[in-house]
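Summary of the model geometry
Each chain, letter by letter, is given below.
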Amino acid sequence: MSHVKLPEAPTQQLLVHGSTLLGFAQACKNLSIVAGSRASSLINAIDLHQLYPFERLRELERLVIESYIDSAPILERVGQEMMLLWYHEGPGKAFVRDGADFLTFQSGSQGYASVVHGPKELVGSFDLLSLDRERGKALVKSTTPFQKDLERGVLLGGISAPKDLDYIDVDNSADPQLFHVTFH
Amino acid sequence: MTLDEWLALPDAPEQVELSPSDMRRLFWKYRGLLKTREREHAYWSATNDNLFRAYEKLDHQEQQLAEAFSRLEEELAVAKQIQSALMPSGLDELAPQLELAVWHQQLNAVGGDYFDFFAPTHADAQLLCAVCDISGHGVSAALVMAYLKALFTQSLPHSDEPRAVTEWLNQVALPFLKQAKKYATINFVRIREQELDYVCGGGFGLLIHGQECTSFNRKDHFIGLRDRPFSQHTLPFVAGDLLALYTDGIIEAQNSDGQDYSLARLERTLLAHATLPLDQILERCKADYHSFRSHDVDDITLVLLRRRQR
């Protein structure tokens, strides 16, 4: 079984936007993590414009974690795929022109705040702490209930989607909540 | 030459001069490729591990399935053996005045067509014969068949009157059959000196006397559906007469165009060969059936009885 763990923060009062759930489910389908009728029923059961209990997303995360011995690279890839879908097939291009823009978009947790609703202390934040475009460095802090490998993938996917950068790295190995971003 | 132009070349030139900023980009491009390869490697390793585990699981499940299938086959073989033992044997000794022949073929290892012969309990009767078709196929139908056989065996010492036997059997079996969601057609016939008495609840019977055919009155209900009386009918049955009792397995079989074999076709075949020895009549019926039907869809039973010439 996977060594990856889910955050233990309570999520009962949280709601997640259907688009996030659908992005996760569609990413799982695209990556063949789920297939066939199971994938179709997973996707068909989600309304893009509805809010759902956060536990629904937790179930999807669990589906991935329980399926893989090492699920960290898989969750990372799911996060990347979600953001590629958001950029190429969703509204992403309206918010982000280049890779660094995606980081700016996280200022004040504005990107995250649109997809998770609930009591502030439980929602947490996904915040850009610093950004140095010249040196290609940024620091993002996350206190969200999302799984952190998935969030690392979200950052990688969001920054790489506009395809203007030659190098991207996101490292949260020292502190899972602190994402050190390097980009050139 | 810019870095992008240089990278677009089909081959690396002997010498190239890149600007410091392009050199810097080249550095990060190279590092980026390494990083991507590192991530790809981690992703595909995890995927391969998962695939390996899935194959192991599949192997294990395949083995479990094979074991379960083997157990099932063994159990079915035993069930088939038991059902064969429940079918009548030693037909020739049962009624010397009669010729008997049976075509009985099951769709699965065990089936729901049931035929039986019983020695009569009253002096003026020569033979009792039952042909039943239990709804469904396979093991569930076979279990009901065994139950019906037990009831016949239990009832016959008390009476061999077809109506009395059938009504008692229906009454006793009704609660069980309803619970099991099963029912059965029945033909129960008592052969006497010059006549036969029958009860027919959804079964099929045909009496051929010379060129004249008489079909059994099929208006009575099936066993296991309702507690109502059955009607008993009597027909003459003299030397040379041929009686055919059968289930719907033959007549409802279809050809590749979706047409039924039909009652009329079976009756025509029986009538055309009615004077042949019984085993030859059966062979003709089988040959005609096999030339027509695209595949079997049900259990098949065809019982032939003929009164011997004195």
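Structure: above.
Residues numbered from 1 in each chain as written. Chains lettered and ligands numbered in written order. Predicted model: local features only at pLDDT ≥ 70, side-chain atom pairs only at ≥ 80, totals over all residues. Heavy atoms only, no water.

**A short note on the interface of chain A and chain B**
Across the contact, 18 residues belong to chain A and 16 residues belong to chain B. Carbon and sulfur atoms make up 53% of the surface buried where chain A meets chain B, a total of about 1,600 Å² over both sides. When residues of chain A are sorted by the area they lose upon contact with chain B, Arg77(A), Asp166(A) and Tyr167(A) head the list and together hold 37% of the total. Along the contact surface separating chain A from chain B lie four salt bridges. (Contact = heavy atoms within 4.5 Å. Buried area = accessible area lost by both parts, 1.4 Å probe. Salt bridge = Lys/Arg side-chain N within 4 Å of Asp/Glu carboxyl O.)

**As for the sheet that holds strand β1 (residues 98–105) of chain B**
All names here are of chain B. If you trace the five strands from one edge of the open sheet to the other, you get β1-β10-β9-β6-β7, paired in antiparallel fashion. The sheet terminates laterally at β1 and β7 (212–215), the two strands that pair on one side only. Between one strand and the next, the sheet's axes are offset by a mean angle of 15°, whatever the strand orientation. By the bridge criterion, five bridges tie strand β9 (residues 242–246) to strand β10 (residues 300–307) in an arrangement that is antiparallel. (Pairing = 2+ DSSP bridges. Helix = DSSP H or I, 4+ residues; strand = E, 2+ residues; numbered from the N terminus. Axes fitted to C-alpha atoms, helices over the stretch in contact; angles between N-to-C directions.)

**Regarding the packing of helix α4 (residues 72–88) of chain A against helix α2 (residues 20–86) of chain B**
What describes two packed helices is the angle between their axes and the distance between those same axes. Close contact between α4(A) and α2(B) brings their axes to 8 Å; oriented N to C, the two are set at 115°. As α4(A) packs across α2(B), the resulting crossing turns out to be left-handed. Along the contact surface, α4(A) presents Pro73(A), Ile74(A), Glu76(A) and Arg77(A), while α2(B) presents Arg39(B), Glu40(B), Ala42(B), Tyr43(B), Ala46(B) and Thr47(B). Grouping the amino acids of the contact of α4(A) with α2(B) by side-chain chemistry returns five nonpolar, one polar and four charged. (Left-handed = near helix turned anticlockwise from the far one by under 90°. Nonpolar A, V, L, I, M, F, W, Y, C, P; charged D, E, K, R; others polar.)

**Let's talk about the packing of aromatic side chains**
Considering all chains together, one arrives at 21 aromatic pairs over all chains under this definition. Ring geometry for Phe54(A) against Phe146(A): centres 5.3 Å apart, planes inclined by 65°, an arrangement best described as edge-to-face. Highlighted residues: Phe54(A) in helix α3 (residues 54–67) and Phe146(A) in the loop between β5 (137–142) and α9 (148–160), separated in sequence by 92 residues. Centroid distance Phe115(B) to Phe117(B): 6.2 Å. Interplanar angle 70°. Geometry classified as edge-to-face. Each member of the aromatic cluster is reached from another via a ring pair, and the members are Trp86(A), Phe95(A), Phe102(A) and Phe105(A). (Phe/Tyr/Trp six-rings, centres within 6.5 Å; stacked < 30°, edge-to-face > 60°.)

**Digging into the layout of surface pockets**
Residue and element names in this part refer to chain A. Of the voids in this model, the largest pocket is the one considered here, and its volume is about 750 Å³. Surrounding the largest pocket, 27 residues form its lining, Ser19, Thr20, Met83, Trp86 and Val115 being those nearest its centre. Residue assignment for the lining of the largest pocket shows that the elements contributing at least two residues are α1 (18–30), α4, α7 (110–113) and α9. Looking at side-chain class alone, the lining of the largest pocket contains 16 nonpolar, nine polar and two charged residues. (1 Å grid on protein atoms, 1.4 Å probe; cavity = no way out; pocket = protein on both sides within 12 Å on 5 of 7 lines; lining within 4 Å. Points joined across faces, edges and corners; volume = space filled by probe spheres on them.)

**As for the pairing of strand β7 (residues 178–183) of chain A**
All names here are of chain A. Judged from the five bridges that link them, β5 and β7 form a sheet pairing that is antiparallel. Bridging from a neighbouring strand, Leu139 pairs with His180 of β7. Where strand β6 (residues 168–171) meets β7, four bridges bridge the pair, whose relative direction is antiparallel. If you follow Asp169 over to β7, its bridge partner there is Thr182. Between β6 and the antiparallel strand that follows it, β7, lie six residues.

**A look at the sheet that holds β7(A)**
Residues and elements named next belong to chain A. The four strands are arranged β4-β5-β7-β6 in an open sheet whose pairing can be described as antiparallel. Here the strands that pair on one side only, and so sit at the sheet edges, are β4 (126–132) and β6. Direction aside, the axes of adjacent strands within the sheet are offset by 20° on average. Bridge count for β4 against β5 is six bridges, and the pairing is antiparallel. Bridge pairing in β5 places Leu131 opposite Ala138. On the sheet, α9 packs against β4, β5, β6 and β7 and is oriented at approximately 160° with respect to β6.

**What to know about unusual backbone geometry**
Residues and elements named next belong to chain A. Positive phi values are uncommon outside glycine, yet Ser32 reaches one of about 60°. Relative to the helices and strands, Ser32 is located in the loop between α1 and α2 (36–44). Judged by its relative accessible area of 56%, Ser32 falls in the exposed class. (Buried < 20%, exposed > 50% of the residue type's maximum accessible area, 1.4 Å probe, protein only.)

**Here's the deal with the environment of Phe152(B)**
Residues and elements named next belong to chain B. Its location among the elements puts Phe152 in helix α4 (residues 138–155). A relative accessible area of 0% means that Phe152 is categorised as buried. Distance from Phe152 to Ala130, taken between C-alpha atoms, is 9.0 Å for residues 22 residues apart in sequence.

**Things to note about the pattern of salt bridges**
With the rule as written, the count across this model stands at 25 salt bridges over all chains. One salt bridge connects Arg152(A) with Glu76(A), and the closest N-O pair in it is separated by 2.8 Å. Here Arg152(A) is found in helix α9, whereas its partner Glu76(A) is found in helix α4, with 76 residues between them in sequence. In this structure, the salt-bridge partner of Glu40(B) is Arg77(A), at a minimum N-O distance of 2.5 Å. One end of the pair, Glu40(B), is in helix α2; the other, Arg77(A), is in helix α4, on a second chain. Through salt bridges with shared partners, a single network forms among Asp160(B), Glu161(B), Arg190(B), Arg192(B), Glu195(B) and Asp197(B).

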